Amino acid sequence: MRKYLMAGNWKMNLTPSESREFAKQLVSSIKDLPNDVLAMIAPTFAALQAVGEVIKGSEIKLGAQNINENESGAYTGEISANMLLDLGVEYVIIGHSERRHIYKENDELINKKVLFALKKGLKPILCVGELLEEREKGITNDVVKNQVINGLKGVDASEMKNVVIAYEPVWAIGTGKVATPEIAEEVHALIRKTVVDLYNKEIADNLTIQYGGSVKDDNVDGLMGMANIDGALVGGASLKADSFKRIVKFEK
Ligand code: 13P
């Protein structure tokens, strides 16, 4: 059965020294998780080594915020799968809305990254989500469905056990405007249905679909109570030990 994945995306926050100290706090407070709950943190690349050392042997897994789609070579400023693996990274966030919108990553590139991460044995978290204007135009379902279909192009059924999808409505990221559990659930159900159509019901039932966008300690329980919401990808509230701990230890 699928698990909840409660993940902190630290974005471009915390220096390596700050990250190390913060990770120490998290290790001492995030433990004894139920069998169906996983915790993950994704620090900046520069802090992966320091954080990896601190969380080794703990219940917290290591994630990265991006990856390059090539093996190695002349890609200034990029980071490869082998580099991430060498640092103990298990998950990699791909196609985050900040990558899509600020750095103009398109579905084709995102799909290449997903395929390459899987080939290397990393677990991609494929991010999808509509802009406010797309929601207002009533095209949310088409936008999200296309992002899922294009992001998973060429992914073999046997690899789907290593894939996570994160639904992050762009209008809810960093704005304090969380999608209501009902609004999020509707899109999560659509994502799962899309995966049934692309693969089959068993694969879709085992897929973890996270919600992201202004998740806080005071709204996480309602979101996690929905049938198709299996975890959270948390930005701002993952930078405070107490709130992240409460999010990871949500109550349904
Ligand atoms: P916030 O939780 O700060 O809205 O960020 C969400 C996000 O983008 C996580 O990837």
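So, here is what we can say about the structure in this document.

**Focus on the overall build of the protein chain**
A count of helical and extended segments in the protein chain gives 11 helices and 8 strands. Taking 252 residues into account, the globule formula puts the C-alpha radius of gyration at 18 Å, and the protein chain, at 17 Å, falls close to it. The dimensions of the protein chain, computed from C-alpha atoms along their principal axes, are 45 × 45 × 35 Å. Within the protein chain, the proportion of its 252 residues that are buried is 51%. Considering only intrachain contacts with a sequence separation of at least 6, the fraction spanning at least 24 residues in the protein chain is 72%. Here the protein chain has roughly 11400 Å² of accessible surface; of this, 50% comes from carbon and sulfur atoms.

**Digging into the environment of arginine 135**
Examined against the element boundaries, arginine 135 turns out to sit in helix α6 (residues 132-136). Residues arginine 135 and glycine 154, spaced 19 residues apart in sequence, show a C-alpha to C-alpha distance of 28 Å. Leaving out residues up to four positions away in the same chain, arginine 135 has contacts with Glu130, Thr140, Tyr167, Trp171, Ile183 and Val187. Among the polar contacts made by the side chain of arginine 135, one reaches the side chain of glutamate 130 at a distance of 2.7 Å. A distance of 3.4 Å separates polar atoms of two side chains, one belonging to arginine 135 and the other to tyrosine 167.

**Here's the deal with the nonpolar core**
Residues Met6, Leu152 and Val195 are the most contacted members of the largest nonpolar core, which totals 69 residues. Ignoring sequence-local partners within four residues, the contact set of methionine 6 consists of Val37, Leu38, Ala39, Met40, Val220, Met224, Gly231, Ala232, Phe244, Ile247, Val248 and Phe250. Ranked by size, the runner-up nonpolar core spans 11 residues in total, among them Tyr91, Ile125, Cys127 and Val164.

**Things to note about the packing of aromatic side chains**
A complete count under the given rule lists 3 aromatic pairs for this structure. Between the aromatic rings of tyrosine 4 and phenylalanine 250, the centroid separation amounts to 4.9 Å while the plane-to-plane angle is 50 degrees, which identifies the pairing as tilted. Here phenylalanine 250 lies in the segment after α11 (241-248) and tyrosine 4 lies in strand β1 (residues 4-9), a separation of 246 residues in the sequence. For tyrosine 4, a relative accessible area of 10% corresponds to the buried category.

**Brief notes about the site of the ligand**
Neighbouring the ligand are 13 residues; Lys11, His96, Gly174, Ser214 and Gly236 lie closest to it. A distance of 3.0 Å is found between an oxygen atom of the ligand and a side-chain nitrogen or oxygen belonging to asparagine 9. The contact in question runs from an oxygen atom of the ligand to an N or O atom on the backbone of glycine 236, over 2.9 Å. The fraction of the free accessible surface of the ligand (310 Å²) that becomes covered by protein chains is 96%. Class assignment for the residues of the shell around the ligand results in 4 nonpolar, 7 polar and 2 charged.

Conventions used here
Residues numbered from 1 in each chain as written. Predicted model: local features only at pLDDT ≥ 70, side-chain atom pairs only at ≥ 80, totals over all residues. Heavy atoms only, no water. Helix = DSSP H or I, 4+ residues; strand = E, 2+ residues; numbered from the N terminus. Rg over C-alpha atoms; globule rule 2.2 N^0.38 Å. Buried < 20%, exposed > 50% of the residue type's maximum accessible area, 1.4 Å probe, protein only. Contact = heavy atoms within 4.5 Å. Areas by Shrake-Rupley, 256 points an atom, 1.4 Å probe, with all protein chains shown as cover. Polar contact = N/O pair within 3.5 Å; in protein donor to acceptor, adjacent residues only side chain to side chain. Core = buried A, V, L, I, M, F, W, Y, C linked by side-chain atoms within 4.5 Å. Phe/Tyr/Trp six-rings, centres within 6.5 Å; stacked < 30°, edge-to-face > 60°. Near = heavy atom within 4 Å. Nonpolar A, V, L, I, M, F, W, Y, C, P; charged D, E, K, R; others polar.

Everything listed is a geometric property; what it means functionally is a separate question.
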